[in-house]
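Structure at a glance
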Amino acid sequence: MKNADQILSNLTLEEKASLLSARDFWHTKSYPEKDVSEVTVSDGPNGLRKSAFNPETGKEETVQAICFPTASCMASSFDPDLIKSVGEALGDECQSEDVHVLLGPGINMKRSPLCGRNFEYYSEDPYLAGELGVGFVDGVQSKGVGVSLKHFAANNQESRRFLISANMSKRTLHEIYLQAFETVVKRSKPWTLMCSYNRINGTYSSENKYLLTDTLRTRWGYDGLVMTDWGAMNEKTRSVGTGLDLEMPASNGVRDKELVEAVKAGTVSESDVDKAAKNVLNLMIKAEEGRKAYLSSQSKAPSYDKEEHHSIARRVAKESAVLLKNENNVLPLSRGNDGKTHSYAFIGGFVSQAKYQGGGSSHINSYRVDTVIDAAHSYNDVKIKFAQGYYIEPTDAEKGSRTEDELLDEAIGLATKSDVSIIFAGLPDSFESEGFDRSHMSMPDNQNKLISEIAKVSDKTVVVLFNGSPVTMPWINEVDSVLEMYLSGEAGGYATLDLLFGNVSPSGHLAETFPLRIEDTPCYLNFPGNLYDVDYNEGVFIGYRYYEKKNIPVLFPFGHGLTYTTFEYDNLRIEKGNTPFDCKVLVDLTNTGNFAAAEVAQLYVGNCICEDNRPVKELRGFKKVSLKPGETRTLEFELSKRSFAYFNELMDDWYVPSGEYIIQIGSSSKDIRCKETIEIESTDELKFEVNELTPPGDIIKYKKDITPLKEFLANTSFTEMYGIDLDGDVKSIKPTMASAMFFETPLHSVLSFNPRFKPEDGEPLTPEDVRKTIDKLNSVE
């Protein structure tokens, strides 16, 4: 096979330019006579959504495939290996359908619970999203199929996503909105990235040089292909040369022609066109080589066992569900092993109609959908009766043969005759989807009313939720148990009953905070922004970083999740490594209950107090481990420089201040079980530049050699006026009005305190003396 340079050398300018846009919605262009073959891409963050022509209907339709749980559900597993298994399954499905690139995963941050596409994203935490993204990408690409990591970057809302500018500081961009992408790019080398629709600080992602070249390619070393989201191209002639390669989908040759004319006019360099075209060709070569390697590993034509993949979807749903509340151990439900016959009321529209996936480009033509009622029929040893309870969509009531009140009355009647009432509730399709954001966090009023009314008459009440994002729970203190299933995929019905009846213990933990109300959220005043701009004024304080910093109570904290057993954390110890930053953290975890279950141990680093405002603590490690009753296992975490660092804008890099950090391990961000303090003597030095605005306090803090400052101030009465001795222990001076005036007065203002009022004292200091002092200070450490 020829390499990309050899193929490129045989192409005309027109052919090279044409490669930078697609042939149609799902295929790149091909020139078979010049060894250029097409690449096929397909939607599919949680399932393969390949579009194909159906000769029987004469229409373009999506092929039947497995609908796995959505990202918001899978993320609650806190299990990169589990998510890798989903990636591997999807890789097999892609090979069976001759798809070269799967468009996913989406690893954007959940800035607001109102984002309509949150079900397609992992977390509010960039560390967690990055680790899970690595699992998914490694799984898919292990099968010789590429991914398209998306949406790069800051695509955190659906409202006006095609034109909005996400405005934020460089620190916020790197620390929160780019960090997960950086992790996946460096560790997994995704074949492609997909740029987002939106602008960032005024510039479209598709032509953002700082994003696509300075950061992605230069800082991170990425050498793959960057494509647009569908229709995200702004100006083709501007995007070429800034790091973008491929426009999706096709522009019918219009932009290809513009590009050729720009090259001939000298406004675009042909070398930039060559660079982008080479990336397209390299993708083609990866696709061909991946296909060849996969076929050689198979004994027959590519195919996959749909039942086996359906079983994987069921396992993932079980291991991702989150038990939010379980008062008096109402769950698991008994199947008669206590010698009694139990009656259960299954109530809700979602009993017979599954809510298992989100709307939009990720919507899958599912192989088989298991509803709760399907699964319930296999539990012949218990008495289960059903009541609809409510209409799922508000418009359904207009078509129904019974009123909402009649459905409610029927459900109440059933609840009074049952030992436990289990209400299956959640968000209708009309409440969350790609394309629009939610306007509130509430479930439909009829569902909230039903839950409260059933709780009044039922001895025990359990709520099972099917939703892609957090919801408010005005009835939370009225019910015994809440099981969050999220959008659990096509096998969610059986998975739900596996959990309710204790075939397996829930083990998921929230990858996002559930706030009490939308008004408490970090970006409430800046979401979704105005006509053209949304300002990320909350900075790095999103999710739990914000709630903990402001001590705001929440409904359920980040990382929260219960099981059917209890765990004890003990014997935390820290072993220092070979650098000031590297260390190993160990802790013993014991299952102290009577039920085999998995626990997610989470490690947070409490940040030291420094010149920049930092979160109280941040997730820096996690381990999911299954333990039998009475079993103990030692968990080990590895910490490195990035575990203690933040993005410092003075350095334009990651920086670790010296000081005390607190290593904290627990079951959630709020449930910390043990902690130890570690002292870090950082080798990082701030690249501190002195200017006319710099006060003496900053110079003393950041400069090792302050001799030029001493010499400058010696010619003034400034130190004497405020009682400061620069030869003493200046850094330990307690704050007073006088010391604050000294430490915080800019250098240019020192001239106002010039002591040379008498001719015999010589000439007074001038602005030139200030500039010379600044130059001297910047020439020393």
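The coordinates are above.
Residues numbered from 1 in each chain as written. Predicted model: local features only at pLDDT ≥ 70, side-chain atom pairs only at ≥ 80, totals over all residues. Heavy atoms only, no water.

Structural notes on the overall build of the protein
To be explicit about the condition: Only DSSP runs of H or I with at least four residues qualify as helices, and only runs of E with at least two residues qualify as strands; both kinds are numbered from the N terminus onward. What the globule rule says is 2.2 Å times the number of residues to the power 0.38, and the radius of gyration is computed from C-alpha atoms. A 1.4 Å probe rolled over the protein chains alone gives each residue an accessible area, and that area as a share of the maximum for its type sets the label: buried under 20%, exposed over 50%, partly exposed in between. Residue contacts are counted whenever heavy atoms from the two residues lie within 4.5 Å of one another. Accessible surface area values rest on a Shrake-Rupley calculation with a 1.4 Å probe, where residue burial reflects the displayed protein chains alone. We treat Lys and Arg as the positive residues and Asp and Glu as the negative residues; His and chain ends play no part in the count. Note on charges: their place is set at NZ of Lys, CZ of Arg, CG of Asp or CD of Glu.
When you go through the protein residue by residue, the secondary structure sums to 23 helices and 28 strands. Relative to the compact-globule value of 28 Å for 781 residues, the protein shows a C-alpha radius of gyration of 30 Å, a close match. In terms of principal-axis extent, the alpha carbons of the protein reach across some 105 × 70 × 50 Å. Taken over 781 residues, the protein has a buried fraction of 59%. Within the protein, contacts between residues separated by at least 24 positions form 74% of all contacts whose residues are at least 6 apart in sequence. Here the protein has roughly 31100 Å² of accessible surface; of this, 47% comes from carbon and sulfur atoms. With 85 positive and 117 negative side-chain charges, the protein shows a spacing of 1 Å between the two charge centroids.

A look at helix α20 (residues 707–714)
The following threshold applies: The arc under discussion is defined with respect to the helix axis, by the directions toward the C-beta atoms.
Listing the buried residues of α20 in full gives P708, L709, F712 and L713. Along the axis of α20, the buried positions cluster into a sector of 125°, meaning they face one direction only. In this structure, the buried residues of α20 make contact with α19 (696–702), α21 (718–722), α22 (737–744) and α23 (767–778).

Brief notes about the packing of aromatic side chains
Heads up, the rule is: When two rings of Phe, Tyr or Trp (its six-membered ring) have centres within 6.5 Å they constitute a pair, described as stacked for plane angles under 30 degrees, edge-to-face for angles over 60, and tilted for the intermediate range. Counted as over-ring charges are cases with an Arg CZ or a Lys NZ within 6 Å of the ring centre that also lie within 35 degrees of the ring normal.
Counted according to the given criterion, the structure contains 26 aromatic pairs. Their ring planes at 75° and their centres at 5.3 Å tell us that F742 and F743 sit as a pair that is edge-to-face. Judged by its relative accessible area of 0%, F742 is buried. When its relative accessible area of 18% is taken as the criterion, F743 is described as buried. Residue placement shows R111 over the ring face of Y536; its charged tip is 3.9 Å from the ring centre. Cation over ring: R160 sits above Y532, and NZ or CZ is 5.8 Å from the ring centre.

Some words on the side chain of S488
Within the secondary structure layout, S488 lies in the loop between β18 (481–484) and α17 (492–500). Not counting residues up to four positions away in its chain, the partners in contact with S488 are P69, C73, A313, A317, Y356 and F466.

Here we look at unusual backbone geometry
Cis rather than trans, the peptide bond between K150 and H151 has omega equal to -10°. For H151, the position within the fold is in strand β6 (residues 146–152). Even without being glycine, N201 reaches a positive phi, approximately 50°. Summarising the element assignment, N201 is placed in the loop between β9 (199–200) and β10 (203–204). A positive phi angle, close to 50°, is found at N329, a residue other than glycine. Of note, N329 is situated in the loop between β12 (322–326) and β13 (343–347).

Overview of the packing of α20 against α23
We apply this condition: Between the N-to-C directions of two axes lies an angle of 0 to 180 degrees, each axis being a line fitted to C-alpha atoms and, for a helix, fitted only over the stretch in contact. Roughly parallel covers angles under 35 degrees, roughly antiparallel covers those over 145, roughly perpendicular covers 65 to 115, and oblique covers all other angles. For any helix crossing, the convention is left-handed if the near helix is rotated counterclockwise from the far helix by under a right angle, and right-handed if that rotation is clockwise. Only Asp, Glu, Lys and Arg are considered charged in this grouping, and only Ala, Val, Leu, Ile, Met, Phe, Trp, Tyr, Cys and Pro are considered nonpolar; every other residue, Gly among them, is considered polar.
Viewed as axis vectors pointing N to C, α20 and α23 meet at an angle of 160°, and their least axial separation amounts to 8 Å. The orientation of α20 with respect to α23, classified from their angle, is roughly antiparallel. Helix-helix and strand crossings are classified by hand; for α20 and α23 the assignment is right-handed. Residue-level inspection shows P708, L709, E711 and F712 of α20 in contact with α23, the latter providing D769, V770, T773, K776 and L777. Residues that form the contact of α20 with α23 fall into these classes: 5 nonpolar, 1 polar and 3 charged.

Remarks on the packing of helix α12 (residues 306–320) against α17
One can describe the packing of α12 onto α17 by two numbers: an axis separation of 8 Å at closest approach and a directional angle of 45°. As summarised for this structure, α12 and α17 are arranged oblique, according to the angle between their axes. Once α12 is placed against α17, the crossing between them reads as right-handed. Between α12, through R314, A317 and K318, and α17, the contact on the second element is made entirely by Y494, A495, D498 and L499. Residues that form the contact of α12 with α17 fall into these classes: 4 nonpolar, no polar and 3 charged.

Focus: the side chain of E15
Stated formally: Here a polar contact is recorded for every N or O atom pair within 3.5 Å, except that within protein the pair must consist of a potential hydrogen donor and a potential acceptor, and residues adjacent in sequence are included only if both atoms are side-chain atoms.
In this fold, E15 is placed in helix α2 (residues 13–18). For E15, the side chain forms a polar contact with the side chain of K34, separated by 2.7 Å. Setting aside its immediate chain neighbours within four residues, E15 contacts N10, Y31 and K34.

Some words on the sheet that holds strand β22 (residues 597–606)
Quick note on the threshold: Any two strands with at least two DSSP bridges between them are considered paired.
With antiparallel pairing, the 4 strands of this open sheet are ordered in space as β23-β22-β27-β28. Each having just a single partner strand, β23 (617–627) and β28 (672–680) make up the two edges of the open sheet. On average, each strand axis in the sheet is tilted by 20° relative to the strand beside it, whichever way the strands run. Pairing between β22 and β23: 10 bridges, direction antiparallel. Considered in β23, the bridge of E599 is made with V625.

Re the pattern of salt bridges
Keep this limit in mind: Throughout this description, the term salt bridge denotes a Lys or Arg side-chain nitrogen within 4 Å of a carboxyl oxygen of Asp or Glu.
The full count for this structure, using the stated rule, is 54 salt bridges. The salt bridge partner of D498 is R314, with a shortest N-O separation of 2.9 Å. Placement of D498 in helix α17 and of R314 in helix α12 is noted, with a sequence separation of 184 residues between them. According to the relative accessible area criterion, D498 is buried, its value standing at 5%. Using a relative accessible area of 29% as the deciding quantity, one classes R314 as partly exposed. Connected through shared salt-bridge partners, R117, E120, K150, E158, R161 and E434 make up one network.

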